[in-house]
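What follows is each chain in one-letter form.
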Amino acid sequence: MRRETALLLAILVVLGASWGVTQPLAKIAVSEGYRHFAIVFWQLVIGAVLLGAIVLAQGRTLPRSARHIRLYLLIALIGTIFPNSASYQAVVHLPAGIVSILMSLVPMLAFPMALALGIDRFNWGRLLGLCLGFAGVILLVAPETSLPNPAMVAFIPLALIAPTFYALEGNVVAKWGTLDLNPVQLLCGASCVGIPIAGVLAVGSGQFISPLPPWGLPDLAIVLSSTLHTVVYVIYLWLVGRAGAVFAAQVAYLVTGFGVIWAMLILGERFSVFVWAALLAMFLGLFLVQPRPRGTVERTVPAGQ
């Protein structure tokens, strides 16, 4: 039993470290001029290929009825195209570590949405967690010395778009379900439907990235980040089934923490005391809003993450 627990904890840490490195990789991906729509397009292509292989290995197919296509389209838009496009734009102007910290707002933003949709009950502790999350944002934007450049404050709202959409996606799935699809099928279908949309946006905006060589570090970052997103998501689903949603949900702390650590190690980012205080506030907020073993709702991670 102890050996199994240690193994599950090790897997949780690996998931957090792997997911956490994707923000620094996003910073590298945009470092030489690549932009959001093109990166999202290739992210969807790589995800569709990998997830499609898993669906086939499971002996399943992708249902293609009108209601399934509508669901794929919805998840593609609110789970990948809108949030990831905003996130890639934000990371052009903000340190990757800051974007990682703001991404931890997902469960805090999900709480008021769940109340509005009637799928969760009011809880004072979770309200306090929401307040701590916003206190963390204030610590990032209010002091002039919190960010490396005070002008970066203007891009904080842009970085908040992604966690807002991820929170919305999680609540939409919790409220209306996924029809007869398992999560891998849903994300694969959303990737397939999202590819032509992102492709048109990339070509129309002049952002399209040719897959032909020569390849540079940004190209490697896109491939590695997209692969990690897909592989880690599938392993996360396995962990939910093996250890439960409450245990697996603790990966949120590790993703944020590793995101900051990787940003420091890979990109050489350094942060002020206000940023560390914001990170602490976010962690406390996460602790208060995370589902409990006897909680009313256990949500899976939004598909787009």
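These figures come from a predicted structure and were not determined experimentally.

Caption draft 1: Examining unusual backbone geometry more closely. Of the consecutive residues P213 and P214, the connecting peptide bond is found in the cis state with omega at 10°. Counting through the fold element by element, P214 comes out in the loop between α9 (183–204) and α10 (217–243). Positioned with a positive phi, L179 is a non-glycine residue whose angle comes to about 55°. Structurally, L179 can be placed in the loop between α8 (156–176) and α9.

Caption draft 2: Broad picture of the packing of helix α2 (residues 22–29) against α10. Close contact between α2 and α10 brings their axes to 8 Å; oriented N to C, the two are set at 150°. Here α2 is positioned roughly antiparallel relative to α10, judged by the angle of their axes. You can see that α2 and α10 cross each other, and the crossing is left-handed. Counted together, T22, L25, I28 and A29 of α2 and L217, P218, A221, I222, L224, S225, L228 and H229 of α10 form the full contact between these two elements. Tallied by class, residues from the contact of α2 with α10 come to 9 nonpolar, 3 polar and no charged.

Caption draft 3: Looking closely at the pattern of salt bridges. Applying the stated criterion across every chain, the model contains 2 salt bridges. With its nearest N and O atoms 2.6 Å apart, the salt bridge here joins R126 to D120. Under the relative-accessibility criterion, R126 is labelled buried at 15%.

Caption draft 4: Molecular detail of the nonpolar core. In terms of nonpolar packing, the biggest core is built from 56 residues, with I98 and L102 touching the most fellow members. Per element, the largest residue contribution to this core is 7 residues, and it comes from helix α3 (residues 36–57). Among all residues touching L102, those that are not within four sequence positions of it are V137, L140, I156, A159, L160, P163 and M282. Of all hydrophobic cores here, the second largest spans 26 residues; its members include L8, L71, C188 and L239.

Caption draft 5: Geometry of α10. With 27 residues, α10 should cover 39 Å at 1.5 Å per step; its first-to-last C-alpha distance of 37 Å lies within 8% of that length. Downstream of α10 by a residue or two, G244 has a phi angle that is positive, lying close to 100°.

Caption draft 6: Inspection of the packing of helix α12 (residues 251–267) against helix α13 (residues 273–289) at higher detail. Following both chains from N to C, one finds α12 and α13 inclined at 165°, their axes separated by 10 Å at the closest point. Of the possible angle classes, the one that applies to α12 and α13 is roughly antiparallel. Handedness of the crossing formed by α12 with α13: right-handed. Contact with α12, carried on its side by A252, Y253, T256, G257, V260 and M264, involves W276, L279, F283, L286 and F287 of α13 and no other residues of that element. Tallied by class, the residues present in the contact of α12 with α13 amount to 9 nonpolar, 2 polar and no charged.

Caption draft 7: Just helix α7 (residues 124–141), in detail. In this model, α7 (18 residues) spans 26 Å end to end at C-alpha, consistent with the 26 Å of a helix rising 1.5 Å per residue. Those residues of α7 not exposed but buried are R126, G129, L130, G133, G136, V137 and L140. For α7, the arc enclosing every buried residue in end-on projection is 110°, short of the 170-degree limit, so these residues lie on one face. Turned more than 90 degrees away from the buried face of α7, the exposed residues are W124 and I138. In this structure, the buried residues of α7 make contact with α5 (96–103), α6 (106–117), α8 and α13. Near the N-terminus of α7, the side chain that reaches the backbone nitrogen of G125, with its oxygen 2.8 Å away, is that of N123.

Conventions used here
Residues numbered from 1 in each chain as written. Predicted model: local features only at pLDDT ≥ 70, side-chain atom pairs only at ≥ 80, totals over all residues. Heavy atoms only, no water. Helix = DSSP H or I, 4+ residues; strand = E, 2+ residues; numbered from the N terminus. Axes fitted to C-alpha atoms, helices over the stretch in contact; angles between N-to-C directions. Parallel < 35°, antiparallel > 145°, perpendicular 65-115°, else oblique. Left-handed = near helix turned anticlockwise from the far one by under 90°. Contact = heavy atoms within 4.5 Å. Nonpolar A, V, L, I, M, F, W, Y, C, P; charged D, E, K, R; others polar. Salt bridge = Lys/Arg side-chain N within 4 Å of Asp/Glu carboxyl O. Buried < 20%, exposed > 50% of the residue type's maximum accessible area, 1.4 Å probe, protein only. Core = buried A, V, L, I, M, F, W, Y, C linked by side-chain atoms within 4.5 Å. Expected span 1.5 Å × (residues − 1). Arc of directions from axis to C-beta. Polar contact = N/O pair within 3.5 Å; in protein donor to acceptor, adjacent residues only side chain to side chain.

Function cannot be inferred from these measures alone, as they are strictly geometric.
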